[in-house]
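# Remarks on the overall topology
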Amino acid sequence: MFESLKENMYGAIHTLKGYGKITDANVALTVKEIQRTLMHSDVNYKIVKNFTLRVKDEAMGQKVSSSLKPGELFTKIVYDNLVKLMSCGDNKLNFISPTTLMMVVGLQGAGKTTFAVKLAKRIANRDKKKPLLVACDIYRPAAIEQLRVLCQQAQVDMFYIENEKNVNKIIEGALLKSEKDGNNVVIVDTAGRQSVDDEMMYEIKSIRERFRITESLLVLDSMIGQKSVDIAKKFNDTVELTGVILTKLDGDSKGGVALSVTATIGKPIKFIGTGEKLDDIDVFHPDRIANRILGKGDIISLVEQVQKTQEMDKEGFFNEKRLINGVTYADFMKLSKIISNTGLRKIFEMLPGVDKMNEKMSEDNEKNIKMFTTIINSMTHKERVNKCRLDLSRKIRIAKGSGRTVDDVNRLIKSIENMNRYLKSVKGKSAKEAFKLSPFLKKFDSSDIF
Ligand code: GDP
Ligand code: MG
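Below is a short write-up of the structure.

Definitions and cut-offs
- Residues numbered from 1 in each chain as written.
- Chains lettered and ligands numbered in written order.
- Predicted model: local features only at pLDDT ≥ 70, side-chain atom pairs only at ≥ 80, totals over all residues.
- Heavy atoms only, no water.
- Salt bridge = Lys/Arg side-chain N within 4 Å of Asp/Glu carboxyl O.
- Helix = DSSP H or I, 4+ residues; strand = E, 2+ residues; numbered from the N terminus.
- Buried < 20%, exposed > 50% of the residue type's maximum accessible area, 1.4 Å probe, protein only.
- Pairing = 2+ DSSP bridges.
- Axes fitted to C-alpha atoms, helices over the stretch in contact; angles between N-to-C directions.
- Contact = heavy atoms within 4.5 Å.

## Overview of the pattern of salt bridges
- All told, the structure shown has 16 salt bridges when counted by the stated rule.
- In this structure, arginine 394 and glutamate 383 form a salt bridge, with 2.6 Å as the shortest nitrogen-oxygen distance. One end of the pair, arginine 394, is in helix 19 (residues 392-402); the other, glutamate 383, is in helix 18 (residues 381-385), with eleven residues separating them in the sequence.
- The class for glutamate 383 is buried, based on a relative accessible area of 7%.
- Close ionic contact of arginine 411 with aspartate 408 constitutes a salt bridge, the shortest N to O distance being 3.6 Å. Of this pair, arginine 411 and aspartate 408 both sit in helix 20 (residues 406-425), separated by three residues, roughly a single helical turn.
- Taking the relative accessible area as the measure of exposure, arginine 411 reaches 35% and is therefore partly exposed.
- Because the salt bridges share partners, they merge into one network encompassing Lys177, Lys180 and Asp181.

## What to know about the sheet that holds strand 7 (residues 269-273)
- Strand order in the open sheet formed by eight strands is 3-2-4-1-5-6-7-8, with mixed pairing between adjacent strands. The open sheet has two edge strands, strand 3 (157-159) and strand 8 (281-283), and neither has a second partner. The sheet shows a mean angle of 25° between the axes of neighbouring strands, taken without regard to direction.
- The pairing of strand 1 (residues 100-105) with strand 4 (residues 185-190) spans five bridges and is parallel. Bridging across to strand 4, threonine 100 finds its partner in valine 185.
- Each of strand 1, strand 2 (131-136), strand 3 and strand 4 touches helix 7 (residues 167-181); the most contacted strand, strand 2, lies at about 160° to it.

Okay, structure coming up:
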């Protein structure tokens, strides 16, 4: 996420490295580099122009008084302005009583249906709401089925009327059902088109006028670059959006939309989609994104991401008891489940000062985790939950049972020992400190922890 922007921004600001102080000449040079970087990342031209003008003014204004080094000063100025650019009031969802009606709009393939279900799952689990998803994509034959499958996965309610072509009737039906069944959030998944067309706009406008809608959320595919700004404008003019969702930020998106859309339509980005799985949704935090673009990493997101995993919530994985007693093989199984849900690469991407994990490394390690899981599956219950030592005959048995070698079993044992050593060392430290000390942050070696 934002990788090329991050790299180029680093390069731009580091042109100042080695300069003792800020001068007209080096400011001009750096600002030009920043301008090029932002343009290259598909940030809207006008926005780039305003942004760099502001950065330049602020840098020149502070060049005499500041005791910071030019690089530090610039980083701070760029950071503040990036945050400003992406911020727009409160980006929390609004709920009203008794029923909140939300509408999800956007072009076809932007990720509306996926987002609608991610959102429903999130508010059901986090906010203890009872959402109902409404299938209003009446044009694509497979759309209802897609929504049904996703709702089943997320275990949230769904409403549709077979062969009904009037979306307002479908929504009326959904509202009646929500009243009957106690659903307090109704999320309407609308149809999209390949491009903005009158018919689609007319349909969502009629929904907007007919019902009291608390949230009109535009889903934008962050991969489509510059075009997204015009799309956002058109949707905002038609249905007055309350927020934007950027999807596919896990892909090769240059990230420019994140920096352009709020400044263009004056509406906040509320969530980002970071993958196809139903848990791949995050609140959009301008300060964290700015940190990430400037290469400071994103510890808090990481901690949240990990905590988000249900197992973690239920079990309180890093609880005091585990820190004191150490993890067992059974714990290791739980942790590997969390890792396979989140993905090692994603975890790595968020850690500051760590080189990106390449695909091969991540695959190798995920393979290791799978192998360890198979080995643990061949242990007896007692072996899994107690930290009893395994003698050679048990090791041979377990290796045989899991189709692995005794060496593999020994590697698993070593990994657990390393993990316990780490847990002991972070006792009493904050999550942030703990992650700093994590074996992940050392030169990564798969035998370090897995
Ligand atoms: P809709 O036509 O707007 O309803 O779009 P869908 O929800 O059907 O999504 C279109 C495709 O994009 C599907 O294959 C989704 O799995 C995928 N998708 C949606 N959101 C994301 C995301 O955040 N990241 C990635 N990688 N894929 C996504
Ligand atoms: Mg859809």
